[in-house]
Amino acid sequence: MTTQRINNIIIGPGRMYRHTTPNTDLPDESTVEYGADWGGGWERVGLLMRGSGVQMRHSVTMHESKAEEFIMGLKRTPTERQIAFAFTVMEYTPANLKLVFPDSTLVETAAAAGQKAFTDLKIGAGQDNPPYCVGMEAFRQDATGKKQPIRWRVYEASIEPDGETPFAQGGESVIPIVCYALYEDASGHVAQMHYVTADAK
């Protein structure tokens, strides 16, 4: 019993992935090991700042039904639920900025004679915010000590900025990001956890 409890303790880094198509399947658990490229159009978001990790935020608002005759509540019913993954990306790039400024135009210019290569990001003022499928990977150790993946996906997510970007000595210029889960019509679901416990036999 003690060994099983120890194996259920999760300590280790989270990795964030994104896919442009909502409701994209997680990678196959039998062929894609922990730490491997997910493939299938999934892209790593980038290196995450040490100490920030990936935070899974979850909250619920409840309505409590009460009767005049009793001092205790009779029933509690959820009226609002929120699931989000928050993280801080260290790779300050135009592509990562476009994630949090989706109503923008990104144009890359290659180097040429008398022309430096550069990327131009123009941020708009519209309301465009396309949904993504968002994935997260961590690991647990199985009974043999091998790292097995724990994977989450948010079927459909809104990717948004989540704070400030510093430009200062003694620290990185990071991009704080939060991904809010949305209801996904085609599946009727919000999020999924895939918890691998052992290798195939």
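Along every chain, residues carry numbers that run from 1 in the direction the sequence is written. Predicted model: local features are reported for residues with pLDDT of at least 70 only, side-chain atom pairs are reported and counted for 80 or more only, and whole-chain, interface and lining totals are derived from all residues. To get the side-chain values, all heavy atoms of the structure are used, and hydrogens and water are removed first.

*Asks:* Help me understand the overall build of the chain, please; the structure alone is not making it clear to me.
*Replies:* Across its full length, the chain holds two helices and ten strands. Labels follow the DSSP assignment, with helices taken as runs of H or I lasting at least four residues and strands as runs of E lasting at least two, numbered in each case from the N terminus. Seen in sequence order, the chain has helices and strands lined up from the N terminus as α-β-β-β-β-α-β-β-β-β-β-β. Projecting the C-alpha coordinates of the chain onto the three principal axes gives extents of approximately 80 × 55 × 40 Å. Burial classification: accessible surface area is computed with a 1.4 Å probe over protein chains only, and a residue below 20% of its type maximum counts as buried, one above 50% as exposed, and the rest as partly exposed. Residue burial in the chain is summarised as follows: out of 201 residues, 31% are buried. Throughout, a residue-residue contact means that at least one pair of heavy atoms, one from each residue, lies within 4.5 Å. Within the chain, residue pairs in contact and separated by at least 24 positions form 63% of the contacts whose partners lie at least 6 positions apart. Lys and Arg are tallied as positive, Asp and Glu as negative. Neither His nor the chain termini are counted. Taken as the charge location is NZ of Lys, CZ of Arg, CG of Asp or CD of Glu. Side-chain charges in the chain split into 19 positive and 25 negative, and the spacing between the mean points of these groups amounts to 7 Å.

*Asks:* I keep staring at the packing of aromatic side chains and nothing clicks. Help me out?
*Replies:* Aromatic ring pairs: the centre-centre distance and the angle between the two ring planes describe each pair. Only centres within 6.5 Å qualify two rings of Phe, Tyr or Trp (six-membered ring in Trp) as a pair; their planes then separate them into stacked at under 30 degrees, edge-to-face at over 60, and tilted for everything else. For the structure on display, the rule yields five aromatic pairs. Residues Y17 and W38 carry aromatic rings whose centres are separated by 3.9 Å and whose planes lie at 10° to one another, so their mutual orientation is stacked. Pair noted here: Y17 is in strand β1 (residues 15-19) and W38 is in the loop between β1 and β2 (43-44), with a separation of 21 residues, a long-range link. Seen from their ring centres, Y92 and F167 are 5.5 Å apart, and the 85° between their planes marks the pair as edge-to-face. Of this pair, Y92 sits in the loop between β4 (75-89) and α2 (94-100) while F167 is found in the loop between β8 (147-161) and β9 (175-181), placing the two residues 75 residues apart along the sequence. Judged by relative accessible area, Y92 falls into the partly exposed class, the value being 38%. Judged by its relative accessible area of 59%, F167 falls in the exposed class. Following the ring pairs from residue to residue traces out a cluster consisting of Y17, W38 and W42. Think of it as a cone above the ring: NZ of Lys or CZ of Arg counts as a charge over the ring if it is within 6 Å of the ring centre and within 35 degrees of the ring normal. Stacked on the ring of Y17, the Lys or Arg R44 has its end atom at 5.9 Å from the ring centre. The positively charged end of K147 is found above the aromatic ring belonging to F139, 4.6 Å away from the centroid.

*Asks:* Honestly, unusual backbone geometry in this entry has me stumped. Any pointers?
*Replies:* Phi is mostly negative for residues that are not glycine, and the peptide bonds are mostly trans. Here N23, not a glycine, exhibits a phi torsion of approximately 60°, which is positive. The exposure class of N23 is partly exposed, given its relative accessible area of 26%.

*Asks:* Sorry if this is basic, but what is going on with the side chain of R151 here?
*Replies:* Mapped onto the elements, R151 comes out in strand β8. As used in this structure description, the phrase polar contact means that two N or O atoms lie within 3.5 Å; if the pair is within protein, one of them must be able to donate a hydrogen and the other to accept it, and residues adjacent in sequence are counted only when both atoms belong to side chains. Of note is the side chain of R151, whose polar atom sits 2.8 Å from the side chain of E137.

*Asks:* Would you mind showing me how to read the confidence of the model for the chain here?
*Replies:* Regions with low pLDDT should not have their predicted coordinates read in detail. Put simply, the chain has an average pLDDT of 93, and 98% of its residues get 70 or more. Values of pLDDT, which run from 0 to 100, indicate the predictor's confidence residue by residue. Put simply, helix α1 (residues 2-7) is where the chain has its lowest mean pLDDT, 68, and β9 is where it has its highest, 97.

*Asks:* Any chance you could explain the side chain of S104 here in plain terms?
*Replies:* Structurally, S104 is set in strand β5 (residues 104-109). The residues touching S104, leaving out its near neighbours within four places in the chain, are K98, L121, K122, I123 and G124.

*Asks:* For this particular structure, what's the right way to read the pattern of salt bridges?
*Replies:* Side chains that differ in sign of charge can pair as their charged atoms come close. Here, a salt bridge means any Lys or Arg side-chain nitrogen found within 4 Å of an Asp or Glu carboxyl oxygen. With the rule as written, the count across this model stands at ten salt bridges. We note a salt bridge from R57 to D162, for which the minimum N-O separation is 2.9 Å. Placement of the pair is R57 in strand β3 (residues 54-65) and D162 in the loop between β8 and β9, with a sequence separation of 105 residues. For D199, the salt bridge is made with K146, and the minimal N-O distance between the two is 2.8 Å. Taken together, the positions of D199 in the segment after β10 (191-195) and K146 in the loop between β7 (132-141) and β8 put the pair 53 residues apart, joining distant regions of the chain. Here D199 falls in the partly exposed class, since its relative accessible area comes to 39%.

*Asks:* So what exactly am I meant to see when it comes to a nonpolar patch on the surface here?
*Replies:* In this scheme, patches are assembled from residues that exceed 30% relative accessible area and form no salt bridge. Like charges are connected within 9 Å, while nonpolar side chains (Val, Leu, Ile, Met, Phe, Trp, Tyr) are connected within 5 Å. The Shrake-Rupley method, run with a 1.4 Å probe, gives the accessible areas here. Residue values count only the displayed protein chains as cover. A cluster of nonpolar side chains, contributed by I10, M193 and Y195, occupies part of the molecular surface with about 260 Å² of accessible area. Note that I10 resides in the loop between α1 and β1. For I10, a relative accessible area of 39% puts it in the partly exposed group.

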